[in-house]
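# Structural overview for review
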Protein chains: 2
Amino acid sequence: MIESPLMFSHFLLRQCVREGDVVVDGTTGHGHDTVLMAELVGSEGQVLGFDIQAEAIESTRARVTAAGLESRVTLYQESHEHAVSRLAEGQQIGAVQFNLGYLPGGDKGVVTQGSSTLRCLEGLLPRLRKGGMAIFVIYHGHTGGPEERDALLAFAAGLDQKVYTVLRYDMLNWRNDPPFLIAIEKR
Amino acid sequence: MIESPLMFSHFLLRQCVREGDVVVDGTTGHGHDTVLMAELVGSEGQVLGFDIQAEAIESTRARVTAAGLESRVTLYQESHEHAVSRLAEGQQIGAVQFNLGYLPGGDKGVVTQGSSTLRCLEGLLPRLRKGGMAIFVIYHGHTGGPEERDALLAFAAGLDQKVYTVLRYDMLNWRNDPPFLIAIEKR
């Protein structure tokens, strides 16, 4: 079965995250991806989760705690923009995951911004280990969504193919600005 | 690891083809996909393979025979355009696979044509069973390649999302007209 972009992002996370990895959830939202990443990194791994909304951080903390995974997760109520500064010097990461857009069920006036996403990505890309991935599920139907999408597409398309593989995974016949996936793998 | 479009087409074939299926290889080329499909359909299944070039049919027949799978494969040295007429009345299929472009190592003047590919697809789409897929790996760097690509993209993008899911899987940062994948799944 052809997986949705969101389900395919989970498939890719399962492929690239290894036990013991440090990984970043750039937009924890309600914590679904945070929990998956915490399961994948194992008891020796660590998830750093970012969200600017208190509601998202609380929702994520509750979900992570219910799963008994709180020792593997550190949450920051701040922009992912400076995520790299929360990593130890020289620390490599196995994955960074983003759901770009707004918090489902939350304030639609609070959306991710292309500029902060790109700064986060520019900081974290050099930290990806070989086989590690930056994965984006991009919702772009809201105000500012097309600009964020286009900035990310232009950046990703310009990456050196000798260093990174950039996949686009999208549904051609879905209507109404469907979400799609971009994955950047360190070769 | 992010798979190439060709490798991802094999991943999708493994997902959608079931034992006992009838399937179609629309462009046998050197028979690599034909052999994979013959393995997947099992001893009760059947692969119908099409190629207009004698060289391709011979190459495929040799590969299929070497794999001991000749009882599962019927080869036709003719255009896939009328593939549907080679199916029994009302026969459903699990998959149809195409590598669009020219035969690797063969005559670059002999290429698939968008019009024949679309006629083949229009004939076979109604025969896909639920969960079955039409899978295209599209090479489009040759003369006529962009036109074939664009005709297929336009057709696929227009399919009703209640009936079909259409995936595009492509590498954004590869240079020089890289191949990409389109998959159409019957929902």
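In this text the structure is predicted, and so the values were computed from the model without any measurement.

### Concerning the overall build of chain A
When you go through chain A residue by residue, the secondary structure sums to 5 helices and 7 strands. Reading the secondary structure of chain A in the N-to-C direction produces α-β-α-β-α-β-β-α-β-α-β-β. Each principal axis of the C-alpha distribution contributes one length, and for chain A these read about 40 × 40 × 35 Å. Here chain A holds 187 residues, and the buried ones make up 55% of them. Within chain A, counting contacts between residues at least 6 apart in sequence, those at least 24 apart form 75% of the total. Total accessible area on chain A stands at roughly 8000 Å², and carbon and sulfur atoms take up 49% of it. Of the side chains in chain A, 17 bear a positive and 23 a negative charge, and the two mean positions are spaced by 6 Å.

### Details of the interface of chain B and chain A
In this assembly, 28 residues from chain B lie in contact with 28 residues from chain A. Of the roughly 2600 Å² buried between chain B and chain A, counting both surfaces, carbon and sulfur atoms make up 55%. Put simply, A:Asp170 and B:Arg168 hold a salt bridge, and the shortest N to O gap is 2.7 Å. If you look at where chain B meets chain A, you find 16 residue pairs in polar contact (both at pLDDT 80 or more). Only helix 1 (5-16), helix 5 (145-157), strand 6 (164-171) and strand 7 (180-186) of chain B provide two or more residues apiece to the side of chain B that touches chain A. In terms of residue count, the dominant contributor to the side of chain B that touches chain A is strand 6 of chain B (8 residues). Classifying every residue of the side of chain B that touches chain A by side-chain character gives 18 nonpolar, 5 polar and 5 charged. Here strand 6 (residues 164-171) of chain A pairs with strand 6 of chain B via 5 bridges, running antiparallel. Across the sheet, A:Arg168 pairs through a bridge with B:Asp170, a residue of strand 6 of chain B.

### Considering the nonpolar core
Within the largest apolar cluster, 56 residues are counted, with the highest numbers of intra-cluster contacts made by A:Tyr169, A:Leu181, B:Leu167, B:Tyr169 and B:Leu181. With sequence-adjacent residues up to four places away left out, A:Leu181 is seen in contact with A:Pro5, A:Phe8, A:Ser9, A:Leu12, A:Ile135, A:Phe136, A:Val137, A:Leu167, A:Arg168 and A:Tyr169.

### Focus: the packing of aromatic side chains
All names here are of chain B. A complete count under the given rule lists 11 aromatic pairs over all chains for this structure. With centroids separated by 4.0 Å and ring planes inclined at 10°, the aromatic side chains of phenylalanine 8 and tyrosine 169 adopt a geometry described as stacked. Of this pair, phenylalanine 8 sits in helix 1 while tyrosine 169 sits in strand 6; the two residues are 161 residues apart in sequence, bridging distant segments of the chain. Note on phenylalanine 50 and tyrosine 76: the rings are 5.1 Å apart at their centroids and 15° apart in plane angle, and the pair reads as stacked.

### Considerations on the environment of A:Gln161
By the secondary structure assignment, A:Gln161 is in the loop between helix 5 (145-157) and strand 6. Sequence separation of A:Gln161 and A:Gly106 is 55 residues, and the distance between their C-alpha atoms is 38 Å. Residue contacts for A:Gln161: discarding those within four places in its chain leaves A:Arg187, B:Asn173, B:Trp174 and B:Arg175.

Cut-offs and rules
- Residues numbered from 1 in each chain as written.
- Chains lettered and ligands numbered in written order.
- Predicted model: local features only at pLDDT ≥ 70, side-chain atom pairs only at ≥ 80, totals over all residues.
- Heavy atoms only, no water.
- Helix = DSSP H or I, 4+ residues; strand = E, 2+ residues; numbered from the N terminus.
- Buried < 20%, exposed > 50% of the residue type's maximum accessible area, 1.4 Å probe, protein only.
- Contact = heavy atoms within 4.5 Å.
- Areas by Shrake-Rupley, 256 points an atom, 1.4 Å probe, with all protein chains shown as cover.
- Lys, Arg positive; Asp, Glu negative; His and termini not counted.
- Charge placed at Lys NZ, Arg CZ, Asp CG, Glu CD.
- Buried area = accessible area lost by both parts, 1.4 Å probe.
- Salt bridge = Lys/Arg side-chain N within 4 Å of Asp/Glu carboxyl O.
- Polar contact = N/O pair within 3.5 Å; in protein donor to acceptor, adjacent residues only side chain to side chain.
- Nonpolar A, V, L, I, M, F, W, Y, C, P; charged D, E, K, R; others polar.
- Pairing = 2+ DSSP bridges.
- Core = buried A, V, L, I, M, F, W, Y, C linked by side-chain atoms within 4.5 Å.
- Phe/Tyr/Trp six-rings, centres within 6.5 Å; stacked < 30°, edge-to-face > 60°.

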